[in-house]
Amino acid sequence: MATDSSKKTIFAAIGANLAIAITKFIAASITGSSAMISEGIHSIVNTSDQLLLLLGISRSQKPAYDIHPFGYGQELYFWTFIVAILIFAIGGGMSIYEGITHLIKPSSLEDPMWNYIVLGVAILLEGYSWTVALKEFLPTKGKQNFWQAIKNSKDPTVITILFEDTAAISGLLVALIGIFLGHLFNNVYFDGIASIIIGIILAVVAVVLARESISNSPSNLPFSGLKAANGKDAIIRLEFRNS
């Protein structure tokens, strides 16, 4: 489950994403880049998602009592699932929409220097956040391969940050390539195509996160493996009452 180190990972990601979002929107307002707008939306969504993960950690630590003998650990998986939906609907959906709009009504190319500066800074900040998440994840990996460790992880917060940061770095590289190709070939459509690809990356990551949050949820464990919050085998009791 989530620990203080998980919170450290989330706070590092929040700080990085807030700084990145501000610089991306400044660059987008100067250059009119569709890919940069998509990246700004992506960073805002990531920041909101990380706040929801903090909420999930807080609620999952509520003490157990008779009505809820297993505690509130599943709250964390629920909020991870909500994060996945937000990434898919807002991050992926808005980026694809922005890209299609740019293809239909392309804007003229502007000096890309601001875009390159912001993307370079963003890659460094996202790389820092990704490194923090990876350092938290690797000790739990053991001898498992990377994917097995993800599937068996019981701390969805670190996995979520790791996936978000991986998607963010991938999106930044796509935006960088799209802007570069647009100016290299003097073609305004590369920027919109890059925005659509960023949206697809976010949608794929969201689907994977949603699937993992559901499959790793304690509610999917067999009854024989359930434990009450006090560590003892839980007794499942059904009561039938007259209405």
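As the structure is a prediction and not an experimental result, all values here were calculated from the model. (Residues numbered from 1 in each chain as written. Predicted model: local features only at pLDDT ≥ 70, side-chain atom pairs only at ≥ 80, totals over all residues. Heavy atoms only, no water.)

## Focus: the overall build of the protein chain
So, point 1. Within the protein chain, the secondary structure is distributed over seven helices and zero strands.
So, point 2. What you see in the protein chain, going N to C, is helices and strands ordered as α-α-α-α-α-α-α.
So, point 3. For the protein chain, with 243 residues in total, the buried portion stands at 45%.
So, point 4. Residue pairs at least 24 apart in sequence account for 79% of intrachain contacts in the protein chain once pairs closer than 6 positions are excluded.
So, point 5. Summing over all exposed atoms, the protein chain offers an accessible surface of approximately 12,700 Å²; the carbon and sulfur share of this is 68%. (Helix = DSSP H or I, 4+ residues; strand = E, 2+ residues; numbered from the N terminus. Buried < 20%, exposed > 50% of the residue type's maximum accessible area, 1.4 Å probe, protein only. Contact = heavy atoms within 4.5 Å. Areas by Shrake-Rupley, 256 points an atom, 1.4 Å probe, with all protein chains shown as cover.)

## With respect to helix H6 (residues 156-184)
So, point 1. Between the first and last C-alpha of H6 there are 41 Å, a value that for 29 residues agrees with the 42 Å anticipated at 1.5 Å per step.
So, point 2. Positive phi shows up at asparagine 186, right after H6, with a value of about 55°. (Expected span 1.5 Å × (residues − 1).)

## Things to note about the packing of helix H4 (residues 113-141) against H6
So, point 1. Between H4 and H6, the least distance of the axes is 9 Å, while the angle of their chain directions is 160°. The orientation of H4 with respect to H6, classified from their angle, is roughly antiparallel. The way H4 lies across H6 gives a crossing that is left-handed.
So, point 2. Classifying every residue of the contact of H4 with H6 by side-chain character gives 20 nonpolar, four polar and three charged. (Axes fitted to C-alpha atoms, helices over the stretch in contact; angles between N-to-C directions. Parallel < 35°, antiparallel > 145°, perpendicular 65-115°, else oblique. Left-handed = near helix turned anticlockwise from the far one by under 90°. Nonpolar A, V, L, I, M, F, W, Y, C, P; charged D, E, K, R; others polar.)

## Some remarks on the confidence of the model for the protein chain
Detailed reading of the predicted coordinates is not advisable wherever pLDDT falls low.
So, point 1. Looking at the protein chain, pLDDT values average 77 and 79% of them are 70 or higher.
So, point 2. Confidence, expressed as mean pLDDT per element, reaches its minimum in the protein chain at helix H5 (residues 146-152) with 79 and its maximum at H6 with 88. (pLDDT = per-residue confidence, 0-100.)

## A closer look at unusual backbone geometry
So, point 1. Positive phi values are uncommon outside glycine, yet asparagine 186 reaches one of about 55°.
So, point 2. Position of asparagine 186 relative to the elements: it lies in the loop between H6 and helix H7 (189-215).

## Quick word on the nonpolar core
So, point 1. Ranked by size, the top nonpolar core spans 45 residues in total, and within it Ile10, Met36, Ile87, Phe137 and Phe163 carry the most contacts.
So, point 2. Those elements that place two or more of their residues in this core are helix H1 (4-31), helix H2 (34-60), helix H3 (74-104), H4, H5, H6 and H7.
So, point 3. In terms of residue count, H6 provides more of this core than any other element does, ten residues in total.
So, point 4. Beyond its immediate sequence surroundings of up to four residues, methionine 36 is in contact with Lys24, Ala27, Ala28, Asn115, Val118, Leu119 and Ile179. (Core = buried A, V, L, I, M, F, W, Y, C linked by side-chain atoms within 4.5 Å.)

## Quick word on the side chain of asparagine 115
So, point 1. Tracing the backbone through its elements, the reader meets asparagine 115 in helix H4.
So, point 2. Beyond its immediate sequence surroundings of up to four residues, asparagine 115 is in contact with Ala27, Thr31, Ser33, Met36 and Ile179.

## Considering the environment of tyrosine 97
So, point 1. Here tyrosine 97 shows up in helix H3.
So, point 2. For tyrosine 97, a relative accessible area of 53% corresponds to the exposed category.
So, point 3. The spacing of tyrosine 97 and serine 195 is 98 residues in sequence and 8.6 Å in space, taken between C-alpha atoms.

## Overview of H4
So, point 1. Over its 29 residues, H4 runs 41 Å from end to end, which matches the ideal 42 Å to within 8%, given 1.5 Å per residue.
So, point 2. For H4, the full list of buried residues reads Asn115, Val118, Leu119, Ala122, Glu126, Gly127, Ser129, Val132, Ala133, Leu134, Phe137 and Lys141.
So, point 3. Positive backbone phi, at 65°, marks glycine 142, one or two positions downstream of H4.

## Observations regarding the environment of glutamate 110
So, point 1. Positionally, glutamate 110 belongs in the loop between H3 and H4.
So, point 2. Taking the C-alpha atoms as reference points, glutamate 110 and threonine 31, 79 residues apart in sequence, are found 5.3 Å from one another.
So, point 3. Those residues in contact with glutamate 110 that sit more than four places away from it in its chain are Ile30, Thr31 and His183.

## Digging into the side chain of aspartate 49
So, point 1. Note that aspartate 49 resides in helix H2.
So, point 2. For aspartate 49, the residues in contact, after removing those within four places along its chain, are Val83, Leu86, Ile87 and Glu164.

## Comments concerning the packing of H2 against H6
So, point 1. Packing of H2 against H6 brings their axes to within 10 Å, and their N-to-C directions diverge by 175°. Classed by the angle they form, the pair H2 and H6 counts as roughly antiparallel. Between H2 and H6, the contacting residues are Ala35, Met36, Glu39, His42, Asn46, Asp49, Gln50, Leu53 and Ile57 on the first element and Thr157, Thr160, Ile161, Glu164, Ala167, Ala168, Gly171, Leu172, Ala175 and Ile179 on the second.
So, point 2. Class assignment of the residues belonging to the contact of H2 with H6 gives a composition of ten nonpolar, six polar and three charged.

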